[in-house]
Every structure is written in C-alpha cells, then in structure tokens.
Amino acid sequence: MSHHSSDRSPDPSPENDNSAPESKGVGRSLNFIEQIIEQDMRSGKFQGRVHTRFPPEPNGYLHIGHAKSICLNFGLAAKYQGQCNLRFDDTNPCKEEMEYVESIREDVRWLGFDWEDREYFASDYFEQLHDWAVQMIKAGQAYVCDLTAEQIREYRGTLTQPGRNSPYRERSVDENLDLFRRMREGEFPDGSRTLRAKAEMSHPNLNLRDPVMYRILHAHHHRTGDRWCIYPMYDFTHGQSDSIERITHSICTLEFENHRPLYDWYIETLGIYHPQQIEFARLNLTFTVMSKRKLLELVKNKIVNGWDDPRLPTLCGLRRRGYTPEAIRSFCDRIGVAKFNSTIDVTVLENSVREHLNATAPRVMAVLRPLRVVIVNYPEDRTEFMEAVNNPEDPGSGTREIPFCREVYIEQDDFREDAPKKFFRLKPGGEVRLRYAYIIKCEEVVKDPTTGDIVELRCKCDWETLGKQPEDRKVKGVIHWVSAAHATEVQVRLYDRLFTKQDPDDLAEGEDYKTYLNPDSLQVLERCQAEPSLAAAQPGQRFQFERLGYFCVDTCDSRLGAPVFNRIVSLRDTWAKIEKSTISSLS
RNA sequence: UGGCCCGUGGUGUAAUUGGCAACACACCUGACUCUGGAUCAGGCAUUCUAGGUUCAAGUCCUAGCGGGCCAGCCA
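Notes on the structure follow. (Residues numbered from 1 in each chain as written. Chains lettered and ligands numbered in written order. Predicted model: local features only at pLDDT ≥ 70, side-chain atom pairs only at ≥ 80, totals over all residues. Heavy atoms only, no water.)

To continue, consider the pattern of salt bridges. Inspection of the entire model under this criterion finds 49 salt bridges. When the shortest N-O distance is used, the salt bridge between Lys 79 and Glu 34 registers 3.2 Å. With Lys 79 in helix H2 (residues 64-79) and Glu 34 in helix H1 (residues 32-43), the pair connects residues that are 45 residues apart, well separated along the chain. Its salt-bridge partner being Arg 416, residue Glu 579 comes within 2.1 Å of it at the nearest N-O pair. Highlighted residues: Glu 579 in helix H13 (residues 574-586) and Arg 416 in the loop between strand E15 (407-411) and strand E16 (431-434), separated in sequence by 163 residues. The partly exposed category is assigned to Arg 416, whose relative accessible area is 24%. Within the structure, one salt-bridge network assembled from shared partners comprises Asp 178, Arg 181, Arg 182, Glu 185 and Glu 187. (Salt bridge = Lys/Arg side-chain N within 4 Å of Asp/Glu carboxyl O. Helix = DSSP H or I, 4+ residues; strand = E, 2+ residues; numbered from the N terminus. Buried < 20%, exposed > 50% of the residue type's maximum accessible area, 1.4 Å probe, protein only.)

Position of Glu 456 relative to the elements: it lies in strand E18 (residues 454-462). For Glu 456, the side chain forms a polar contact with the side chain of Arg 458, separated by 2.7 Å. Once residues lying within four places of it in the same chain are set aside, the contact partners of Glu 456 are Leu 371, Arg 372, Val 374, Glu 444, Val 445 and Val 446. (Polar contact = N/O pair within 3.5 Å; in protein donor to acceptor, adjacent residues only side chain to side chain. Contact = heavy atoms within 4.5 Å.)

Bringing the sheet that holds strand E25 (residues 564-570) into the picture now. Taken together, the seven strands give an open sheet; going across it, the order is E10-E23-E24-E25-E21-E22-E11, and neighbouring strands pair in mixed fashion. Either end of the sheet is taken by a strand with one partner, and the two such strands are strand E10 (363-364) and strand E11 (366-367). As defined by bridge partners, E11 adjoins strand E22 (residues 522-530) across two bridges and the pair is classed as antiparallel. Across the sheet, residue Ala 366 finds its bridge partner in E22, namely Ala 530. Sitting on the sheet, helix H12 (residues 346-360) touches E10, strand E23 (542-545), strand E24 (549-553) and E25, and the angle it makes with E25 is about 115°. (Pairing = 2+ DSSP bridges. Axes fitted to C-alpha atoms, helices over the stretch in contact; angles between N-to-C directions.)

This brings us to the sheet that holds E18. Judged by pairing direction, the sheet is mixed, and its seven strands sit side by side in the order E19-E16-E17-E18-E12-E15-E20 without closing on themselves. The two strands at the open ends of the sheet, each matched to only one other strand, are strand E19 (478-479) and strand E20 (481-483).

Moving on, we get to the protein's contact with RNA strand B. Within the structure, RNA strand B sits among 70 residues, and Thr 91, Arg 363, Gln 544, Arg 572 and Thr 574 are positioned closest to it. Sugar and phosphate atoms constitute 62% of the interface atoms of RNA strand B, taking the interface as everything within 4 Å of the protein. Arg 153 is positioned such that a nitrogen or oxygen atom in its side chain is 3.4 Å from a phosphate oxygen of RNA strand B. The separation between a sugar or linking oxygen of RNA strand B and a polar side-chain atom of Thr 347 is 3.0 Å. Elements represented by at least two residues in the surface near RNA strand B include exactly helix H5 (149-156), strand E6 (212-216), H12 and H13. When the residues that make up the surface near RNA strand B are grouped by side-chain class, the tally is 26 nonpolar, 23 polar and 21 charged. (Near = heavy atom within 4 Å. Nonpolar A, V, L, I, M, F, W, Y, C, P; charged D, E, K, R; others polar.)

Looking now at the pairing of E18. With four bridges joining them, strand E12 (residues 370-375) and E18 adopt parallel strand pairing. Looking across to E18, one finds that Val 374 is bridged to Arg 458. Where strand E17 (residues 439-447) and E18 come together, eight bridges link them in antiparallel fashion. The residue of E18 that forms the bridge with Lys 447 is Ile 454. The antiparallel hairpin formed by E17 and E18 contains six residues in its connecting segment, where Gly 452 sits at a positive phi of about 85°.

We now examine the packing of aromatic side chains. Going through the model one piece at a time under the given rule, you end up with 23 aromatic pairs. Ring plane angle 65° and centroid distance 6.3 Å describe the contact between Tyr 378 and Tyr 438, whose orientation is recorded as edge-to-face. In this pair, Tyr 378 sits in the loop between E12 and strand E13 (383-389) while Tyr 438 sits in the loop between E16 and E17, placing the two residues 60 residues apart along the sequence. Assessed through its relative accessible area of 2%, Tyr 438 is described here as buried. Here the aromatic residues Phe 180, Tyr 214, Phe 236, Trp 265 and Tyr 266 are joined through ring pairs into a cluster of three or more. Positioned over the ring face of Tyr 273 is Arg 246, at 4.1 Å from the centre of the ring. Directly above the ring of Tyr 516 sits Lys 501, whose terminal nitrogen or CZ lies 5.2 Å from the centroid. (Phe/Tyr/Trp six-rings, centres within 6.5 Å; stacked < 30°, edge-to-face > 60°. Lys NZ or Arg CZ within 6 Å of the ring centre and 35° of its normal.)

One non-glycine residue, Arg 246, lies in the positive phi region at around 55°. For Arg 547, which is not glycine, the phi torsion reads 70° and is therefore positive. Structurally, Arg 547 can be placed in the loop between E23 and E24.

This part covers the layout of surface pockets. Counted as a void, the second largest pocket has a volume near 1,100 Å³. In terms of lining, the second largest pocket is formed by 41 residues, of which the most central are His 66, Thr 253, Glu 255, Phe 256 and Arg 282. Contributing elements (two or more residues each) for the lining of the second largest pocket: strand E1 (51-54), H2, helix H7 (234-244), strand E8 (249-253) and helix H9 (292-300). Considered class by class, the residues forming the lining of the second largest pocket number 14 nonpolar, 15 polar and 12 charged. (1 Å grid on protein atoms, 1.4 Å probe; cavity = no way out; pocket = protein on both sides within 12 Å on 5 of 7 lines; lining within 4 Å. Points joined across faces, edges and corners; volume = space filled by probe spheres on them.)

The terminal C-alpha atoms of H2, which comprises 16 residues, lie 21 Å apart, in line with the 22 Å expected from a rise of 1.5 Å per residue. Burial within H2 is extensive, with 14 of its 16 residues counted as buried. Count one or two residues on from H2 and you reach Gln 81, which has phi positive near 50°. (Expected span 1.5 Å × (residues − 1).)

Our focus in this paragraph is the side chain of His 66. Following the sequence through the fold, His 66 ends up in helix H2. Every residue in contact with His 66, bar those within four places of it in the chain, is listed here: Phe 54 and Tyr 61.

This next bit is on the environment of Tyr 80. Within the secondary structure, Tyr 80 sits in the loop between H2 and strand E2 (83-88). Note on Tyr 80: relative accessible area 9%, which makes it buried. Between the C-alpha atoms of Tyr 80 and Thr 286, which are 206 residues apart in sequence, the distance is 32 Å. Not counting chain neighbours up to four residues away, the residues in contact with Tyr 80 comprise Leu 30, Glu 34, Ile 37, Glu 38, Met 41 and Val 50.

Laid out in structure tokens, this is it:
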C-alpha cells in the first residue's frame with residue numbers, strides 16, 4: 001500500500017481564466033451516463049460520436065440546477081471530443097420571451113461554455129415538424145380531433161383505467177389533411193381542434209394515449225411572429241429536434257422518463273435518425289427552492305429584489321453574490337450524476353466557493369461593527385505602516401502596507417466583558433494581538449452613561465511585540481482592525497440562507513413554503529470601516545475580509561469610491577461552533 | 001389495488017461489473033497557526049428487509065417494504 005504524500009497541483013489557474021473548463025479528474029470512476037457513452041463507443045452505435053445539447057425553454061432564468069445540466073452536457077462533449085449545442089425549446093409562444101433567451105446565453109457563457117455557431121431554436125424546425133405531421137396524417141398515423149380539452153381528458157381514462165377512442169379517430173386521410181391545412185390557415189379558434197397521433201388509447205403509459213401533436217394558438221411568437229397559429233407540443237418537437245441536430249445522447253431529467261417511449265415512437269414512426277434519451281436526477285439543494293414557479297413568485301411578490309437577488313439560486317443571483325464559475329463547475333463535478341432523487345447539502349456549494357476563493361482572493365481587513373480602541377500609550381501624531389500578506393496561499397501575491405495609529409476600530413464581537421472560558425479575544429485586563437501589529441492590553445472599558453453601551457476601549461500596546469512573540473507569556477488571540485484615521489467607510493450586505501428549513505417544501509397541512517423564509521437572510525450594514533485600499537475596489541472584485549468571509553463588490557449599487565460589498569460566504573467559524581455547543585450543553 | 005424508475009454512512013457519489021465498501025461534504029478528536037481561516041493526522045456503515053444461488057453477494061435470483069414520476073391543448 002503506497003502512502004500518498006500531500007502533492008499539490010503544479011500551477012493553480014489564474015483567477016480570471018474562465019475560458020476552458022478544467023478537465024474532469026483523471027482516473028475517476030465513470031457515472032452511469034459515461035458508462036453508456038463508453039459502451040456506445042465500443043459498439044460503434046454512433047460511430048464514436050458524442051453530440052449533446054442543452055435545451056432550455058426560454059421562459060425563466062437559469063438556476064444552479066440548470067448548471068448541473070449545462071456542466072453535464074458540455075462536460076461530456078468536451079470529455080469525448082464531441083460537441084454540445086445550445087437549443088432553445090420555444091414551442092409555447094404564450095410563455096416565452098427574448099429577455100430569457102439573452103439571459104440564458106449570458107449565463108451559459110459566464111459558466112465558461114462555448115456553443116460556437118451551434119445555437120438553435122426549436123421554432124426553426126416548425127416547417128419541418130409540420131411536414132412530418134402531414135406525413136403521419138397521410139400514413140394514417142395522425143388525425144384531427146374536435147374534442148374539447150375537457151373531453152380529451154375524459155376520453156384519456158385514468159391511471160388504472162384504459163382510455164376510449166375519440167369519435168374523430170377514424171376520419172379519412174383526406175378530411176384530416178384538409179382540416180389540418182385549415183387549422184394552419186387560421187380558420188378555427190384556439191382550442192377548437194387538435195392534431196393527435198393515432199397511438200393506443202389503452203396503453204398503460206398515458207403519454208401514448210393518442211397524444212396531442214399540435215394545438216391551435218393564435219399567439220405571437222418571439223421569433224416566428226404571426227407566421228403560425230398552430231404550435232407543436234414538446235413531445236412532437238424535442239426528439240425530432242435532437243434528430244435534426246444529429247444528437248447522440250439526449251440527456252434530460254427524470255420526469256421525462258415516462259416520455260421516452262413516446263420520444264422513441266415518434267422517431268420510429270417517422271423513420272428518422274434516432275438519438276438516445278437518457279434521464280438523470282435533477283439537483284435539489286437544502287435551504288432553498290428551485291422550481292420556476294416559486295422563484296417567479298419570490299421575484300413577483302418582491303420577497304427578493306429581482307432575479308439576480310444574491311439570495312436566489314439563480315445563476316445571475318449567484319453571480320451577483322460573487323460566486324465564481326470555477327466554484328460552480330467544481331460543485332457540479334463533485335455532486336455526481338445518478339438516477340436517485342437526492343438533495344445536496346448547501347454546504348457543498350458553499351465549500352466549493354471557499355475552496356476557490358481561499359486560493360485566489362486577496363486578503364484585506366474590514367470591521368463590520370466597529371468598536372473604537374484608543375491605544376493610550378501610542379503618540380497621537382504617529383502613523384506606522386504595517387506589512388501585511390496579500391494571500392498566504394499564494395506567495396506570489398506579495399505584501400502591502402497598512403496604516404496604524406493611536407485609534408483603531410475592532411469588531412464588537414472581538415471584545416467581551418464577561419468572556420466565556422474558551423474566548424481568547426479581548427476582555428477587560430486581557431491581551432490580544434492586533435494582526436500584523438502590536439499586542440494590546442485592555443485597561444479600561446468606557447460606557448455610555450445613559451445606555452450602558454460600550455463605546456470605547458482604552459488599551460496599552462506592548463512595544464516589544466511588533467513582529468515577534470513575547471517570551472514570558474502566550475497570547476493566543478489575533479484580531480483584525482482598521483486605523484480610525486485612515487479607514488474608508490463602506491456598506492456591507494450580509495447574505496444568509498433564504499429559508500430556515502432544510503426542505504422548505506416539506507410542509508404540514510395548510511403550511512406554505514414562505515412560512516420558512518429566513519427573516520435575517522439579508523442584513524445591511526452601513527458605515528463599516530475598511531482598510532484604505534478598498535476605497536478603490538472595482539465592481540466584481542472579490543476579497544477575503546480576514547476572519548469574516550469572502551466578499552464581492554456589488555456590480556449594481558457600488559459607486560466610484562463608495563463600494564458596496566456582498567458577503568459571498570462566511571469563513572468557517574469554529575468559535576461559533578464552540579460557543580453554540582457549550583450553550584446547548586448547558587441547557 | 002395501472003405503468004415506469006430508484007433504494008449504499010448524517011448528506012451525496014463510487015466500488016476494476018461476483019473478490020478487503022472508497023471519495024467528498026457534514027459531524028467529533030487532536031496537531032499546527034500572527035486569520036478560531038488554511039493545512040495536517042485520526043474517528044464515524046449490519047449496503048431497505050427476508051430468504052436463496054455461490055468458496056465468495058452492495059452487485060445475481062425470489063418475495064416483501066420504502067420513495068419518485070405520470071391522468072396540460074406546459075416543458
């Protein structure tokens with residue numbers, strides 16, 4: 001058995017290199033889709049080709065669940081030297097808009113994937129789809145049905161009972177041809193007729209009980225305008241679109257499993273190239289919701305501030321929050337792909353950003369809830385410049401100088417009048433290290449006489465402790481600080497999980513998922529004190545505020561010289577855990 | 001009580017396809033540290049149940065149990 005010493009990857013990729021997705025871990029085991037692909041490679045099923053596609057419907061914003069699908073489809077293509085198309089599945093003119101098309105393009109590109117010139121729309125295939133429908137009518141495999149939506153439902157039967165044939169099922173080919181032509185020409189009102197496939201009304205799979213192929217919809221389509229008033233259904237579109245694009249592996253989510261027999265049936269009936277549909281489990285994340293309906297509701301009801309609210313699992317939300325594409329890709333990589341319906345712990349996502357940002361984000365000091373500290377033995381007119389490391393994980397990032405003077409701000413949390421046993425920050429009479437500066441001792445606590453609030457600490461610094469440890473005692477605590485005279489004031493937005501419940505959809509009778517909205521999911525902190533260099537921070541830049549977390553300069557609300565910081569994710573907080581566990585062990 | 005799909009630590013995903021259950025996250029110890037960060041070392045499983053086949057079963061067979069999806073002219 002060989003012992004693996006800790007070896008590091010030779011050169012970490014530069015922060016903003018977002019061009020090429022990292023290759024999948026070599027030697028890792030294959031997921032079930034890769035196994036199918038490799039089998040197909042061996043058998044020559046698709047002549048060794050791999051061609052996938054990402055097929056969103058442009059009726060909403062992409063979220064982290066879509067990222068799983070995007071990474072899967074584009075990742076598979078890259079891994080097997082194939083290609084991946086971007087295809088908009090736009091067969092329903094009532095719900096789809098160009099706004100969504102653009103946001104989808106942007107999000108896929110941001111994630112780091114390139115579909116080159118292979119951007120397609122199902123609506124581009126409308127003419128071909130129509131011809132195929134005519135072909136089926138001529139072959140006696142499709143008919144125009146005059147049943148209303150309600151009647152169709154009645155005739156369909158139930159899960160346990162077979163359906164009955166439509167009375168219009170035996171119309172002649174000529175009559176069907178004529179009726180379908182007139183449907184296309186706009187002669188009939190919405191919902192008055194449909195074109196249905198002549199399949200099997202007693203089939204145990206309801207999808208095969210004479211599925212609707214075309215419906216009448218006098219609606220303006222975002223791309224085809226008013227050219228059509230009949231629109232094909234998903235089932236009559238998707239497989240054929242895959243076929244036209246010569247897709248090999250058509251990967252979709254589990255709920256389409258029941259549709260695969262119909263997917264196959266249309267393609268066999270039409271006698272066209274046959275891609276293989278493969279289904280995988282969609283992503284679920286703890287402490288959030290992922291359904292389009294709920295995301296839309298949160299946005300529409302202004303429970304969050306738009307689709308790119310940093311608390312949302314949308315890709316634009318995560319982007320604004322400060323998540324990196326690298327982090328999301330590595331997240332998608334580590335959650336795996338399977339058919340089991342699972343829920344991923346959100347900490348896996350959080351950890352993915354921490355990992356990437358730990359390696360790449362420059363460290364700075366900022367005090368969120370300032371407490372003034374006066375170092376009484378420090379000269380009033382003196383300023384020293386302390387050398388600070390920009391990123392201990394990246395020696396090449398160098399150092400910078402931070403001003404230090406008689407008055408500094410520290411975090412309110414870093415001082416405790418009644419300090420618990422294991423608290424080794426500042427307390428009355430106690431000592432603590434100011435990071436990159438002196439060890440100070442708290443001599444006096446100044447309080448507001450009326451409110452009793454602590455307003456200031458008067459401390460003394462030990463001149464012998466700059467850059468070295470005292471020999472006679474151990475000072476374990478190190479806290480961050482900002483020089484009061486030099487600090488720049490910034491706004492900080494502390495984001496937390498949107499829901500307080502692991503699974504907001506796991507509800508008792510009469511409960512609504514919105515009951516579990518986290519009231520503290522956003523905390524806005526004004527007048528935070530940051531080290532001077534941050535006045536020049538540019539929108540989109542990411543930093544680690546030492547001991548606090550990773551923060552990103554907001555791209556919308558920051559002003560020149562007045563940056564607004566979004567908390568991407570906190571640092572792991574061991575102290576919070578200790579404190580929490582001692583509290584719970586007391587009760 | 002119809003059909004299809006799925007059950008492996010707390011959460012996910014593996015297991016060279018019948019050969020010592022591995023990896024990540026979470027959690028718990030400890031070491032180290034001028035970030036209570038990072039890092040390092042260690043701990044954490046009757047593979048849904050019951051039978052069966054086999055020298056050997058997470059993997060194969062049988063029965064059961066549990067979960068998901070489906071009755072849009074949505075995708």
